[in-house]
Amino acid sequence: MIRRLLNIQFARLKRQKIVYLFFVVMAVMIISNALGLAGSFEDHDMSNFDTENFAADYYAGGKFPTMCMQSYVDIVGTLFLSFISAVLICGEKASGMFRQPLLNGVSKKQLLTAKTVSILTVALICFLFVVIVSIVTGFLLWGSQIFDSAQEYLLQMLLLVFPQTTLVLFLVLLSLYMSNISSMMCASLIILLVNNLFSQFFGSYIAFIDFMYYLYAFSGYNGMELTGRMIVLGIAVNVITGVILVYGINRRLLFTPCQ
């Protein structure tokens, strides 16, 4: 039953061409950033320091995949997953389509499980797409130098699975409280901007409670150092938050109308 529901969710996303559009936009962004870094690295004057020169020195070559992961988790990926959640959950609640599968003997929990797994799958595919395209693009521009920091960005990639999974659970819960797609997107954008602000200026305080902080910490955002303590704390915060979110989703289902 879950497999059939998953096929329905993927078919709806495929018809709307949302994921394909994301692939095109991200590929253009990655290639554009790579060409910009390559040009800056070749042309900049080492005697003059500026932000562009620093980016060219730091991210050109082996750390380019890290830069792309940072761009993805910073705002693009989060808002895209928010939109996917809004389409699959808020949109169907608003249109009444959320009720139709229930008429065929499917429970709300099964339906929402299928939607959650669909969003998680899309999140994984999109993240892998960003990593793979960044590595291929980097290899074409910098050759084997793209693998100089492979151990570092592969570890970051593995660790980012935790906050991204927690993020999907959070977006699913948020979707159950939002009445339509526009309200979901507005709420997500506000939460993202506020969290970004707190993560940059109050990271040492919110690291113990905020799972979204680790989207930045695990990707080395703003030069954050990836330490053993941070890894253990980040995994613990995300696992605990994930359990709480699953409980919240199950509780919300009891009071969520089908239409």
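Rules and cut-offs
- Residues numbered from 1 in each chain as written.
- Predicted model: local features only at pLDDT ≥ 70, side-chain atom pairs only at ≥ 80, totals over all residues.
- Heavy atoms only, no water.
- Helix = DSSP H or I, 4+ residues; strand = E, 2+ residues; numbered from the N terminus.
- Expected span 1.5 Å × (residues − 1).
- Buried < 20%, exposed > 50% of the residue type's maximum accessible area, 1.4 Å probe, protein only.
- Arc of directions from axis to C-beta.
- Axes fitted to C-alpha atoms, helices over the stretch in contact; angles between N-to-C directions.
- Parallel < 35°, antiparallel > 145°, perpendicular 65-115°, else oblique.
- Left-handed = near helix turned anticlockwise from the far one by under 90°.
- Contact = heavy atoms within 4.5 Å.
- Nonpolar A, V, L, I, M, F, W, Y, C, P; charged D, E, K, R; others polar.
- Core = buried A, V, L, I, M, F, W, Y, C linked by side-chain atoms within 4.5 Å.
- pLDDT = per-residue confidence, 0-100.
- Salt bridge = Lys/Arg side-chain N within 4 Å of Asp/Glu carboxyl O.

Okay, helix α8 (residues 181–201) next. Over its 21 residues, α8 runs 31 Å from end to end, which matches the ideal 30 Å to within 8%, given 1.5 Å per residue. Among all positions in α8, only M184, A187, S188, L192, N195, N196 and S199 are buried. Considered in projection along α8, the buried side chains sweep an arc of 165° and stay on one side of the axis. Across α8 from its buried face, at more than 90 degrees, point the exposed residues I190, L193 and F201.

Let us look at the packing of helix α7 (residues 161–177) against α8. Following both chains from N to C, one finds α7 and α8 inclined at 135°, their axes separated by 10 Å at the closest point. With respect to α8, the axis of α7 lies oblique. Relative to α8, α7 is oriented so that their crossing is right-handed. Note on element contacts: α8 touches α7 through M184, A187, S188 and I191, opposite F170, L171, L174 and S175. Considering only residue class, the contact of α7 with α8 consists of 6 nonpolar, 2 polar and no charged.

Residues F64, Y72, F80, L81, I84 and Y214 are the most contacted members of the largest nonpolar core, which totals 73 residues. Elements represented by at least two residues in this core include exactly α2 (18–43), α4 (64–95), α5 (108–142), α6 (150–159), α7, α8, α10 (213–217) and α11 (228–255). Among the elements that line this core, the one with the most residues is α4, at 14 residues. Counting 5 residues, the second largest nonpolar core, distinct from the first, contains L5, L6, V106 and A114.

The predicted model of the protein chain averages 83 in pLDDT, with 85% of residues at 70 or higher. Between the elements of the protein chain, mean pLDDT differs from a low of 60, seen in helix α3 (residues 51–59), to a high of 93, seen in α7.

The next thing to look at is the pattern of salt bridges. In total, this model carries 1 salt bridge according to the counting rule given. With a shortest N-O distance of 2.7 Å, K63 and E152 are connected by a salt bridge. Here the residue K63 occupies a position in the loop between α3 and α4, and E152 occupies one in helix α6, the gap between them amounting to 89 residues. Among the residues examined, K63 registers a relative accessible area of 15% and is labelled buried. Here E152 falls in the partly exposed class, since its relative accessible area comes to 33%.

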